[in-house]
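If you want the building blocks of each chain, they are given just below.
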Amino acid sequence: MTSLPILPAIVLVLLLTGCASVPAVDNETAQLGPRPFYLLNTLPDGELKSRLEACKKGPFVAYDFSIGHRGAPMQFPEHTKESYEAAAIMGAGILECDVTFTADGELVCRHAQCDLHQTTDILLKPELAQKCRQPFVPAEGDQPASAQCCTSDITLAEFKTLCGKMDGFNPAAKTAEEFVQGTPGWRTDLYSQCGTVLSHKESVALFQQLGRKMTPELKAPQVNMPFTSAQITQPYSREQNAQQLVDELRQAGVPPENVWLQSFEWSDIEYWLTREPELGRQAVWLVEDYAAAGFDPLHPPTWLAEFTRLKSAGLNIIAPAQWMLVQNQNGRIAPSDFAVMAKQAGLQIISWSLERSGPLYPSGSEQKGGGWYYQSIGEITRSDAVTLELLHVLAQDVGVIGVFSDWPATTTFYANCML
């Protein structure tokens, strides 16, 4: 009998289960919890369900394919230490810090520069609430309650006194205490007692400690640029902002191959491609809709030329919203023309964001077949089973290299079983 070569245990398990992709972190096990298996049970009988069921006993390991979108914000306050740790436990090989800046020019993790009123407890801290761009205004008549608090309104030291909370607010609020109570019913406040907010430097150190790669997104400023403040007397430009992000990664010793810089702004991508080519090779241009990115939705035949131009400029990775990558083709989910042409031009694709829509109700319901993220396939989005069906098409037919998810256990489960 011919003897088998001696393999590391984790590699042997992957080969025997048909999971041939290399995990993101050697021997790094992942804990998935019940959600992936709940979704599995919603699938109709067929090849996809059979293959996933054959794999459901694991073991499971971390994969780069699984990207923690703001951490794991389905149940943990986004961009907090607790959210990132949860995503890592669930096997996300890559974690995301959305990057913006404070009044004293320090980089911090927030999805938007001016979202503190709905993602932290700043309105409950009078000494900081009074610094907000727009203080709390209670609801009155048909006018909803409002507030706007920005990272650029406060210093890093003040930012670090905040507690991260679940994203949301109550538009009917009469008090600040009522305003911050706006968590959607399909999320939970169970782990939202006081999320630990992080600077970008702290997020980098945490990701390194967790053994994870990183994909920082440079957010568009919501203040006039160049920016000045009581602490920043010399104008702070967008280019300085983009360079500061890179400098902090370099100072932390992060290898370029472990970083995927992101931005919706082509000027940021262009800056990194020309000024920081090592990191620019993996720069990710985010695209939210056709027109905003310069693609004429009325003339899809022109898209291939535009993709080819972007590729020749040095772009290698594009990340459209997931609805842009698929279409309803005779009642089945299929790759969109946009996705096909991007691949034809030699671009790699990342998709965002899975599991951000709540329950996937039938078309015609209040949720409109999954809402914004499912708009191109709303008519065939009738249950939570579409989560895995869409993921399967993105991975196998579109050929994405990674998927952002608000609950990375799902993408980790799929990657272990199917990649």
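Further up the page is the structure itself.
Below or above, wherever it landed, is the structure these notes cover. (Residues numbered from 1 in each chain as written. Predicted model: local features only at pLDDT ≥ 70, side-chain atom pairs only at ≥ 80, totals over all residues. Heavy atoms only, no water.)

**Overview of the pattern of salt bridges**
- In this structure the tally under the stated criterion is 17 salt bridges.
- For Lys81, the salt bridge goes to Glu85, with nearest N and O atoms at 2.7 Å. Taken as a pair, Lys81 and Glu85 lie in helix α4 (residues 81-89) at a separation of four residues, close to a single helical turn.
- Classification of Glu85 by relative accessible area gives partly exposed; the value is 24%.
- In this structure, Lys125 engages Asp121 in a salt bridge whose closest nitrogen and oxygen atoms are separated by 3.9 Å. The two residues Lys125 and Asp121 agree in class, both being buried.
- Each of the salt bridges in this network shares a partner with another, and the network as a whole consists of Asp167, Arg187, Arg356 and Asp406. (Salt bridge = Lys/Arg side-chain N within 4 Å of Asp/Glu carboxyl O. Helix = DSSP H or I, 4+ residues; strand = E, 2+ residues; numbered from the N terminus. Buried < 20%, exposed > 50% of the residue type's maximum accessible area, 1.4 Å probe, protein only.)

**A closer look at the packing of helix α9 (residues 200-210) against helix α10 (residues 238-251)**
- Two numbers describe how α9 lies on α10: the axes approach to 10 Å, and their chain directions differ by 35 degrees. Here the hand of the crossing between α9 and α10 comes out right-handed. Seen from α9, the contacting residues are His200, Lys201 and Val204; seen from α10, they are Leu245, Glu248 and Leu249.
- Looking at the contact of α9 with α10 residue by residue, the class counts come to three nonpolar, one polar and two charged. (Axes fitted to C-alpha atoms, helices over the stretch in contact; angles between N-to-C directions. Left-handed = near helix turned anticlockwise from the far one by under 90°. Contact = heavy atoms within 4.5 Å. Nonpolar A, V, L, I, M, F, W, Y, C, P; charged D, E, K, R; others polar.)

**A few points about the pairing of strand β13 (residues 317-320)**
- Residues Ile317 and Ala319 of β13 are buried on one face, and the alternating residues Ile318 and Pro320, pointing to the opposite face, are buried as well.
- When strand β12 (residues 284-287) meets β13, the two strands line up parallel, connected through four bridges. What sits directly across from Leu286, in β13, is Ala319.
- In the classification by handedness, the crossover that spans β12, the intervening helix α13 (residues 303-312) and the parallel β13 is right-handed.
- Both β13 and strand β16 (residues 348-354) contribute to a ladder of two bridges, which runs parallel. (Pairing = 2+ DSSP bridges. Right-handed = clockwise from strand over helix to strand, strands pointing away.)

**Quick word on unusual backbone geometry**
- For the peptide bond that leads from Gly58 to Pro59, omega is 5 degrees, which places it in the cis range.
- Note on placement: Pro59 falls in the loop between α3 (47-54) and β1 (63-68).
- The amide bond that connects Met225 to the next residue, Pro226, takes the cis arrangement and shows omega of -5 degrees.
- Considering the arrangement of structural elements, one finds Pro226 in the loop between β10 (217-218) and α10.
- The phi angle at Arg70 is positive, at roughly 60 degrees, despite the residue not being glycine.
- Turning to its location among the elements, Arg70 is positioned in the loop between β1 and α4.
- Even without being a glycine, Asn330 presents a positive backbone phi close to 55 degrees.
- Position of Asn330 among the secondary structure elements: in the loop between β14 (326-329) and β15 (332-335).

**Some points on the state of the cysteines**
- Per the counting criterion, the structure on display carries five disulfides.
- Two residues share a disulfide in this structure: Cys132 and Cys149, whose sulfurs sit 2.1 Å from each other. Measuring handedness by torsion sign, the sulfur bridge of Cys132 and Cys149 sits at about 100 degrees and is right-handed. Of the two residues, Cys132 is situated in the loop between α6 (126-129) and β5 (134-137) and Cys149 in the loop between β6 (146-148) and α7 (156-159); the sequence distance between them amounts to 17 residues. With respect to class, Cys132 is no different from Cys149; both count as buried.
- Described in terms of the sequence order of its bonded cysteines, the disulfide pattern of the protein chain is 1-10, 2-3, 4-7, 5-6, 8-9. (Disulfide = S-S within 2.5 Å.)

**Examining the nonpolar core**
- Ranked by size, the top nonpolar core spans 107 residues in total, and within it Leu52, Phe65, Trp272, Trp285, Phe295, Phe307 and Leu390 carry the most contacts.
- It is helix α15 (residues 385-398) that contributes the most residues to this core, nine residues altogether.
- Ignoring any residue separated from it by four or fewer positions in sequence, one finds Trp285 in contact with Ser263, Phe264, Glu265, Trp266, Ile269, Ala293, Phe295, Leu310, Leu315, Ile317, Ile318 and Ala319.
- With 20 residues, the next largest nonpolar core counts Cys132, Cys149, Leu162 and Ala173 among its residues. (Core = buried A, V, L, I, M, F, W, Y, C linked by side-chain atoms within 4.5 Å.)

**Section: the packing of helix α2 (residues 35-42) against α15**
- Axis separation between α2 and α15 bottoms out at 7 Å; the angle between their running directions is 95 degrees. One finds that α2 runs roughly perpendicular with respect to α15. Where α2 approaches α15, its residues Pro36, Leu39, Leu40 and Thr42 are matched on the opposing element by Ala385, Thr387 and Leu388.
- In terms of residue class, the contact of α2 with α15 is made up of five nonpolar, two polar and no charged. (Parallel < 35°, antiparallel > 145°, perpendicular 65-115°, else oblique.)

**Considering helix α16 (residues 409-418)**
- In terms of burial, α16 is largely enclosed, as ten of its ten residues are buried.
- Those residues of α16 lying buried are Ala409, Thr410, Thr411, Thr412, Phe413, Tyr414, Ala415, Asn416, Cys417 and Met418.

**Structural notes on the packing of aromatic side chains**
- One pass over the structure, following the stated rule, counts 24 aromatic pairs.
- Between Trp266 and Trp285, the ring centres sit 5.3 Å apart and the planes meet at 70 degrees, which makes this aromatic pair edge-to-face. Of this pair, Trp266 sits in helix α11 (residues 266-275) while Trp285 sits in strand β12; the two residues are 19 residues apart in sequence, bridging distant segments of the chain.
- On the basis of relative accessible area, Trp285 is assigned to the buried category, the value being 5%.
- Here the aromatic residues Phe264, Tyr290, Phe295, Trp303, Phe307, Trp323, Phe338, Trp352, Trp372 and Tyr373 are joined through ring pairs into a cluster of three or more. (Phe/Tyr/Trp six-rings, centres within 6.5 Å; stacked < 30°, edge-to-face > 60°.)

**Concerning the environment of Val326**
- On the secondary structure map, Val326 appears in strand β14.
- A relative accessible area of 3% places Val326 in the buried class.
- Linking Val326 and Val340, residues 14 residues apart in sequence, is a C-alpha distance of 9.7 Å.
- Not counting chain neighbours up to four residues away, the residues in contact with Val326 comprise Ile333, Ala334, Pro335, Ser336, Ser376, Ile377, Leu390, Val393 and Leu394.

Just geometry here; none of it tells us what the structure is for.
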